Amino acid sequence: MKTAISYPTEGAMGKTGTWRVFRPSIDIGKCIKCWRCWIFCPDAAISKGEYPVIDYEYCKGCGICANECPVNAIEMGREEK
Amino acid sequence: MVSDRGEIMAIKDLPEEEYVLKGHAACPGCPATIALRITLKALGKKTILVIPACCSAVIQSLYPKTSFGVPTLNIAFEASAAAASGVASALKILGEKDITPVVWAGDGGSYDIGIQALSGALERGTDFIYICYNNQMYSNTGIQRSGATPYGAWTTTTWTGKKERQKELAEIVMAHHIPYVATATIAYPEDLYNKMKKAKEMKGPRYIEILTPCPPGWRFDMSKTVEIARLAVETGSWVLYEAINGKVEFTGQSKRILEGKERKPIEDWLKMQGRFRHLKQEDIEKIKRELDEKWEYYRKVMK
Amino acid sequence: MIVIDTANHISALAAKMARARVIAAYPITPQTTVVEKLAEYVESGELDAEFIRVESEHSAMTACIAAEAMGVRTFTATASHGLLLMHEMLHWAGLARLPIVMVNVNRAIGPGWNIWSDANDSMAQRDTGWLHFYCSSNQEVYDSIIMAYKIAESQEVMLPAMICYDGFILSHTSMPVEVPEQSKIDEFLPEFKPAWKIDVENPITHGNIVEPHYYARIRYDMQVAMERAKKIIEEVGEEWGKKFGRDYGLVQEYKCEDADYVILTMASMAAEAKVAVDELRNKGEKVGLVNLRTHRPMPFERLKYDKIIVIERAVSFGLGGIVYNELKGRVPELYGFIAGIGGMDVSYRDIERMYELAKEGKDGWYPIEVK
Ligand SMILES: Cc1ncc(C[n+]2csc(CCOP(=O)(O)OP(=O)(O)O)c2C)c(N)n1
Ligand code: SF4
Ligand code: SF4
Ligand code: SF4
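Structure report, in brief. In this text the structure is predicted, and so the values were computed from the model without any measurement.

1. Some points on the overall build of chain C
Within chain C one finds 11 helices and 17 strands. For chain C, the C-alpha radius of gyration of 20 Å lies close to 21 Å, the compact-globule estimate for 371 residues. With respect to the principal axes defined by its C-alpha atoms, chain C has extents near 65 × 50 × 45 Å. Across chain C, every contact between residues at least 6 apart in sequence was considered, and the portion connecting residues at least 24 apart equals 79%. Carbon and sulfur atoms form 52% of the exposed surface of chain C, whose accessible area is close to 13800 Å².

2. Regarding the pattern of salt bridges
Taken as a whole and judged by the stated rule, the model has 57 salt bridges over all chains. Here Glu7(B) and Lys198(B) are joined by a salt bridge, their closest N and O atoms 3.5 Å apart. With a gap of 191 residues between them, Glu7(B) in the segment before helix 1 (31-43) and Lys198(B) in helix 7 (residues 189-201) connect regions that are remote in the sequence. Residues Glu7(B) and Lys198(B) agree in their burial class; the two are buried. In this structure, Glu55(C) and Arg124(B) form a salt bridge, with 2.8 Å as the shortest nitrogen-oxygen distance. In this pair, Glu55(C) sits in the loop between strand 3 (50-52) and helix 3 (57-69) while Arg124(B) sits in the loop between helix 5 (115-123) and strand 5 (128-134), so the two residues belong to two different chains. Three or more residues are tied together by salt bridges with common partners; here these are Arg20(A), Arg23(A) and Glu79(A).

3. Observations concerning the site of ligand 3
Around ligand 3, the neighbouring residues are Ile26(A), Cys31(A), Ile32(A), Lys33(A), Cys34(A), Trp35(A), Cys37(A), Pro52(A), Cys69(A), Pro70(A), Val71(A) and Ile74(A). Grouping the amino acids of the shell around ligand 3 by side-chain chemistry returns 11 nonpolar, no polar and one charged.

4. Looking at the interface of chain B and chain C
Counting residues at the interface gives 40 residues for chain B, matched by 39 residues for chain C. Here chain B and chain C share an interface that buries about 3100 Å² over both sides, 67% of which is from carbon and sulfur atoms. The interface formed by chain B and chain C includes three salt bridges. Put simply, Glu50(C) and Lys92(B) hold a salt bridge, and the shortest N to O gap is 3.8 Å. At the junction of chain B with chain C, the criterion picks out 10 residue pairs in polar contact (both at pLDDT 80 or more).

5. Section: helix 11 (residues 348-359) of chain C
All names here are of chain C. Compared with an ideal rise of 1.5 Å per residue, which puts 12 residues at 16 Å, helix 11 spans 17 Å between its outermost C-alpha atoms and is within 8% of the ideal. Buried within helix 11 we find Asp350, Ile351, Glu352, Met354, Tyr355, Leu357 and Ala358. The inward-facing, buried residues of helix 11 abut strand 11 (261-265), helix 9 (268-282), strand 12 (287-291), strand 14 (307-312), strand 15 (333-338) and strand 17 (369-370). After helix 11 finishes, the residue Gly361 shows a positive phi value of roughly 85 degrees.

6. What to know about the site of ligand 1
Taken together, the neighbourhood of ligand 1 is formed by 17 residues, with Gly108(B), Gly109(B), Tyr133(B), Ser139(B) and Asn140(B) sitting nearest. Bordering ligand 1 are residues originating from chains B and C. Contacts to ligand 1 include Asn135(B), whose side-chain N or O atom sits 3.0 Å from an oxygen atom. Within the contact set of ligand 1, an oxygen atom lies 3.0 Å away from a backbone nitrogen or oxygen of Met137(B). Within the complex, 77% of the 580 Å² of free accessible area of ligand 1 lies under protein.

7. A look at the sheet that holds strand 6 (residues 131-134) of chain C
Residue and element names in this part refer to chain C. Read across the sheet, seven strands follow the order 3-2-4-5-7-6-13 without closing on themselves; strand pairing throughout is mixed. The outermost strands of the open sheet, each flanked by one partner alone, are strand 3 and strand 13 (294-296). Ignoring strand direction, the axes of neighbouring strands in this sheet form an average angle of 20 degrees. Bridge count between strand 4 (residues 74-78) and strand 5 (residues 101-106): four bridges; the pairing is parallel. Bridge assignment links Thr76 to a residue of strand 5, and that residue is Met102.

8. What about the side chain of Ser237(B)?
Mapped onto the elements, Ser237(B) comes out in the loop between helix 9 (225-234) and strand 8 (241-244). Residues within four places of Ser237(B) in sequence aside, it is in contact with Ala232(B), Ile266(B), Trp269(B), Leu291(B) and Lys294(B).

9. A look at the sheet that holds strand 2 (residues 65-66) of chain B
With mixed pairing, the 11 strands of this open sheet are ordered in space as 2(B)-1(A)-9(C)-3(B)-1(B)-4(B)-5(B)-7(B)-6(B)-8(B)-9(B). Edge strands, defined here as strands with exactly one partner in the open sheet, are strand 2 and strand 9 (247-250) of chain B. Sheet topology note: the strand 1 (residues 5-8) of chain A/strand 9 (residues 205-206) of chain C ladder contains two bridges and is antiparallel. Counterpart to Ile5(A) in the pairing with strand 9 of chain C is His206(C).

Basis of the calculations
- Residues numbered from 1 in each chain as written.
- Chains lettered and ligands numbered in written order.
- Predicted model: local features only at pLDDT ≥ 70, side-chain atom pairs only at ≥ 80, totals over all residues.
- Heavy atoms only, no water.
- Helix = DSSP H or I, 4+ residues; strand = E, 2+ residues; numbered from the N terminus.
- Rg over C-alpha atoms; globule rule 2.2 N^0.38 Å.
- Contact = heavy atoms within 4.5 Å.
- Areas by Shrake-Rupley, 256 points an atom, 1.4 Å probe, with all protein chains shown as cover.
- Salt bridge = Lys/Arg side-chain N within 4 Å of Asp/Glu carboxyl O.
- Buried < 20%, exposed > 50% of the residue type's maximum accessible area, 1.4 Å probe, protein only.
- Near = heavy atom within 4 Å.
- Nonpolar A, V, L, I, M, F, W, Y, C, P; charged D, E, K, R; others polar.
- Buried area = accessible area lost by both parts, 1.4 Å probe.
- Polar contact = N/O pair within 3.5 Å; in protein donor to acceptor, adjacent residues only side chain to side chain.
- Expected span 1.5 Å × (residues − 1).
- Pairing = 2+ DSSP bridges.
- Axes fitted to C-alpha atoms, helices over the stretch in contact; angles between N-to-C directions.

Quick look at the structure:
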């Protein structure tokens, strides 16, 4: 019997990091661990370690994290491909 | 930190569980996924999502994979609330008491084509949470106007700006006398999370509407999604409130505005969005006037 | 036990005895008394089920789809405009492979409001992936509903099933029906075992975007299941016959063995045609009857006759008779009559007349234009 049943998979749309044009980088020296970048990332690409960690395999480079960081600890630079 | 009312006070206290998996199909900067991430952190594993045709049907990614980590039943565009009734009745028959059926629908699926099924499900007391993520147009099909599109906004079916005002679905929903109605937006994750949590603890029909500013639809840079949501509240264009058994209380910034805090000029919000670029001064005056009237009305009824 | 009641009440009784657990339905003439009876069963506690009082037929079908997707047996009933409003969700149920069982009381479509019998409502749903059964008596209605669950829920089929019968002619006419004991029905119809379900312990997603090469395979699988259903329908019909004394299958033949001409019709016209066949036989005519109980899957292999006269209560505008056209090219000599549209009475005398006309080489809209 076949019908449209799908299973939860990380990277269901592939490595969406390849969509990125701008690349966020975190200066953990500045980070105050408010976790705004973590909660606002539409791609769940930031995880909570000691400091926020960006998963570049999936980060689409939208820049919300940088825009929402209260201390400008995240910078968006052009992606080197 | 958690308040004595059990409310989460800071972002760091939100659960780490993730039900929207990395590598999904949403546009970069998508507000709907931010909203869904926070929502599912609050609702947890024992949630059944019902999703009509909308962006969130696409965001799931392609068969045979899905980016959603809770069971999800896709259904026709106008049918989600009726499907939730079916799920809720089945749960009763199966004796499952702590699973929540949750509709996750766009404004098109809620304000327009799905309003009949929504009203029916509310009126017959379906035990579910209906969530409308409101991006104020049909984005799935290429940015057409909906009943939630504000006056003046460009869409691909209102090239010179929408000529009518939006309707207020949450107020229509309140006329159904249901236990819980709330509005929220992605800029205030704690507020959104706490409202979801509160809804989850209740029984009967519950309705939550989330403003979700959409970069391609509203024509702004994808990094500004959250900022525009915040400005929508600070300018008074979007209002945060909740109504428990019909008793309305404003929350967060909207409460402060109600209590006298000055609203930021609406122009600040309008000028950030390409969809309002063509507005003439008289259009802006009209929007301002209607916004003033809306707040006057709130002040009167909220006394 | 013999029960004397209308087909609508018999439908409600069959749904109850099949132990449907979620029922979602919306009233429409001539189906209303099915819904009323079921509501009564549920409220009195006679039936342990959830009755969802939906605000439309679209929602009725949607709610059944969702409940069935949760692994629960469902039932609904409708007619005419209600069925048409469901159309989108009928496709959905088919593609989702959910074995919902529904009664459709055949009724004409407006404008020109007309509540009388006409099969165009269900005929217009023939491509939705539902099994379509037509009944010619209240007994057949009862038997078919119970059997439909077993057929639809067969792991080899997993397709929804529609039981159709004529408005008023059956829906509101009392007839004696033999109703087996509940324990016998339970023996015949085991508990529903879904092929897939929505479950928090196994969080699948159903119905997200499917690309063409997968989609085509999913659709192909439905066609294969329809073909397999033919065998299952025969088997289940035979089993029913063994247990309860009334044999069923894809079709019912009457006096066909030596027949020169075979009249092929469905639903209550088949009951009338039986009388016509007897009358004609008395006059020495070698004629038989095929009651086309199953319209989907279409049982071509059971329709291998040289001369068939199709009499049907539906039309495809710009094409003509629907069953007639489906058989065209497969039968050496085929005649087609469209009769009984909008509830026009078709008596055994009319059927005899159509037989005579066919023998003269004529067919068409009876009695409006026959040539
Ligand atoms: C009956 C029907 N009509 C039209 C469509 C096409 N359609 C699919 S999604 C959509 C718009 C969805 O808009 P909304 O509910 O606001 O969600 P969004 O796409 O903005 O997330 C439309 C018109 C459909 N799927 N079904
Ligand atoms: S750039 Fe966007 S996708 Fe990448 S980590 Fe920041 S918020 Fe997430
Ligand atoms: S938003 Fe900035 S300060 Fe806050 S956790 Fe992220 S990087 Fe650190
Ligand atoms: S169009 Fe808007 S709501 Fe839809 S996926 Fe893209 S960003 Fe999200």
